[in-house]
Amino acid sequence: MRDKTQVTIEVKDLVKTFGSFKALDGVDLKVDSGELVALLGPSGSGKTTLLRIVAGLDWPDAGEVLINGEDALAQGARERHVGFVFQHYALFRHMSVFENVAFGLRVQPRAIRKDEAAIRARVKELLDLVQLDWLSDRYPSQLSGGQRQRIALARALAIEPRILLLDEPFGALDAKVRKELRRWLRSLHHEINVTSIFVTHDQEEALEVANRVVVMDKGRIEQVGSPDDVYESPASAFVHGFIGESIELPVQVEGGVVRLGDRPLALAAGGAAPGASKLFVRRHDMLVGPPGSGAFEGAVQHVRNFGPVQRAEIVLSGGKTIEIDAPRDKELRVGETVGLEPRRYRIFAG
Ligand code: ADP
Ligand code: MG
């Protein structure tokens, strides 16, 4: 089962337009052998377009796609030996689970097709791998959504693809099942080690599943890094705003002074460039203290418990409303004035 073959993917300066619209605007990316990379970005950022081009389902206007250093754009989808799982890649309704998984093996060219006994053994192995051997005689309509996607994955793996591409495979499932499947996918990938690209618009899913995250926006890559990198050291305002829940305040930087409206803040500008900027603070990094204790002051407007924290709506002096997350045992009263000090913050131009 374990794939020992080395497979790398390299994409260079990829451009794809639809009419006058640039869906991909100069994308460079390297995926190492055996990696599970997440493409993370909002809807419309170009994730599916990039995946389809790697798969051989679409072609770019310019740029290169190399698989193991070879020009993949000269090859069709079949020659690239890619397995896919899509959000709505429906299984064949009239075929049993077993036959769905066997399908790719049965339609292989005669020269390489396995005999019936070998096909049955391989399907059994795949159904064991996705832990659904017991469903082999069922039909797709008799499966849950999560089971269907696991079968779709088994089907994609049947032909021993060199690359596995997953486009929002859990997007149509409810939150609890999604969470289970993400953990399941991570451990499955650990077992099979196929070079994989996983597309999602869900930041939590990307951070939990992948060993590297590629953040996309408007057809461009904003940042590539480990889950810790993109969360702890976002490279741009977009990444900070997209990953992790952030407070975002429009500020002015002038001569090393950061102002919110006409009020100077007791915050170091660091290396921030002068001009209109955005200050970002994660909700849980804004610490609440007595009035006068921090860079900001505000009045508590509303408090509610939100899982392990309490989320408070605070109107800053100057009129801007922010939401912060404080520990549950912190006493917060509606109407009281508090001081707020960001434990960490970042300033980005723009
Ligand atoms: P994502 O998967 O990140 O949501 P897509 O790659 O599907 O984004 O799409 C990127 C942009 O390209 C979107 O604005 C989409 O409307 C546009 N687009 C994608 N495919 C086509 C197409 N076949 N024709 C016209 N526009 C398209
Ligand atoms: Mg998409």
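A.B. asks: Tell me about the side chain of Glu 35, and please be specific about residues and values.
C.D. replies: Along the chain, Glu 35 falls in the loop between β2 (21-31) and β3 (36-40). Among the residues examined, Glu 35 registers a relative accessible area of 7% and is labelled buried. Excluding anything up to four places from it in sequence, Glu 35 contacts Lys 30, His 189, Val 194, Thr 195, Ser 196, Asn 211 and Arg 212.

A.B. asks: How would you summarise the pattern of salt bridges if you had to cite specific residues and measurements?
C.D. replies: Counting across every chain of the model gives 31 salt bridges. In this structure, the salt-bridge partner of Lys 22 is Asp 25, at a minimum N-O distance of 3.5 Å. Salt bridges sharing partners connect three or more residues here, namely Arg 178, Lys 179, Arg 182, Arg 183, Asp 202, Glu 204, Glu 205 and Glu 208.

A.B. asks: Describe the nonpolar core, naming the residues involved and giving the relevant values.
C.D. replies: In terms of nonpolar packing, the biggest core is built from 45 residues, with Val 123, Ile 151, Leu 153, Leu 157, Leu 185 and Leu 188 touching the most fellow members. Among the elements of the structure, β3, α2 (97-106), α3 (116-129), α4 (145-157), β7 (163-167), α5 (175-192), α6 (203-209) and β9 (212-217) are those that each provide at least two residues to this core. In this view, Leu 185 contacts Leu 153, Phe 170, Phe 198 and Val 209; residues no more than four positions away in its chain are not counted.

A.B. asks: Would you mind going over the site of ligand 1 in detail, with residue names and values included?
C.D. replies: Surrounding ligand 1, one finds Phe 18, Phe 21, Ala 23, Pro 42, Ser 43, Gly 44, Ser 45, Gly 46, Lys 47, Thr 48 and Thr 49. Gly 44 is positioned such that a nitrogen or oxygen atom in its backbone is 2.7 Å from an oxygen atom of ligand 1. Residue Lys 47 places a side-chain N or O atom 2.8 Å away from an oxygen atom belonging to ligand 1. Breaking the shell around ligand 1 down by element, the ones donating at least two residues are β2 and α1 (47-55). Tallying contributions element by element places α1 first for the shell around ligand 1, with 3 residues. Looking at the shell around ligand 1, its residues break down into 4 nonpolar, 6 polar and 1 charged.

A.B. asks: Explain the environment of Ser 96 to me, and be specific about the residues and the numbers.
C.D. replies: In this fold, Ser 96 is placed in the loop between β6 (82-86) and α2. Take Ser 96: its relative accessible area is 11%, and that puts it in the buried class. Separated by 206 residues in sequence, Ser 96 and His 302 place their C-alpha atoms 54 Å apart.

A.B. asks: Which residues make up the side chain of Arg 80, and what values go with them?
C.D. replies: Along the chain, Arg 80 falls in the loop between β5 (70-71) and β6. For the buried Arg 80, no salt bridge exists, and the shortest N-O distance to an oppositely charged side chain is 7.1 Å, to Asp 71. A polar contact is formed between the side chain of Arg 80 and the backbone oxygen of Val 54, at a distance of 2.9 Å. Within polar-contact distance, the side chain of Arg 80 engages the backbone oxygen of Ala 72 at 3.0 Å. Apart from the residues within four sequence positions on either side, Arg 80 is in contact with Ile 53, Val 54, Ala 55, Gly 56, Trp 59, Ile 67, Ala 72, Leu 73, Gln 75 and Arg 162.

A.B. asks: I'd like to hear about the packing of aromatic side chains, residue by residue, with values.
C.D. replies: The relative placement of two aromatic rings is captured by the distance of their centres and the angle of their planes. Enumeration over the complete set of coordinates arrives at 5 aromatic pairs. When the ring centre of Trp 184 is taken as reference, the NZ or CZ atom of Arg 150 above it lies at 5.4 Å. Seen from the ring of Phe 92, Arg 155 lies directly overhead, with NZ or CZ sitting 4.9 Å from the centre.

A.B. asks: Describe the domain arrangement of the protein chain, with residues and values.
C.D. replies: One can read the domain layout of the protein chain as domain 1 (9-238) and domain 2 (247-349). Listed by partner, the interface residues are 8 residues for domain 1 and 6 residues for domain 2. Carbon and sulfur atoms supply 46% of the area that domain 1 and domain 2 bury against each other, a total of about 600 Å² over both sides. Of all residues in domain 1, Tyr 231, Pro 234 and Ala 237 bury the most surface against domain 2, accounting for 71% of the area lost on that side.

Procedures and definitions
- Residues numbered from 1 in each chain as written.
- Chains lettered and ligands numbered in written order.
- Predicted model: local features only at pLDDT ≥ 70, side-chain atom pairs only at ≥ 80, totals over all residues.
- Heavy atoms only, no water.
- Helix = DSSP H or I, 4+ residues; strand = E, 2+ residues; numbered from the N terminus.
- Buried < 20%, exposed > 50% of the residue type's maximum accessible area, 1.4 Å probe, protein only.
- Contact = heavy atoms within 4.5 Å.
- Salt bridge = Lys/Arg side-chain N within 4 Å of Asp/Glu carboxyl O.
- Core = buried A, V, L, I, M, F, W, Y, C linked by side-chain atoms within 4.5 Å.
- Near = heavy atom within 4 Å.
- Polar contact = N/O pair within 3.5 Å; in protein donor to acceptor, adjacent residues only side chain to side chain.
- Nonpolar A, V, L, I, M, F, W, Y, C, P; charged D, E, K, R; others polar.
- Lys, Arg positive; Asp, Glu negative; His and termini not counted.
- Phe/Tyr/Trp six-rings, centres within 6.5 Å; stacked < 30°, edge-to-face > 60°.
- Lys NZ or Arg CZ within 6 Å of the ring centre and 35° of its normal.
- Domains from an automatic or database assignment.
- Buried area = accessible area lost by both parts, 1.4 Å probe.

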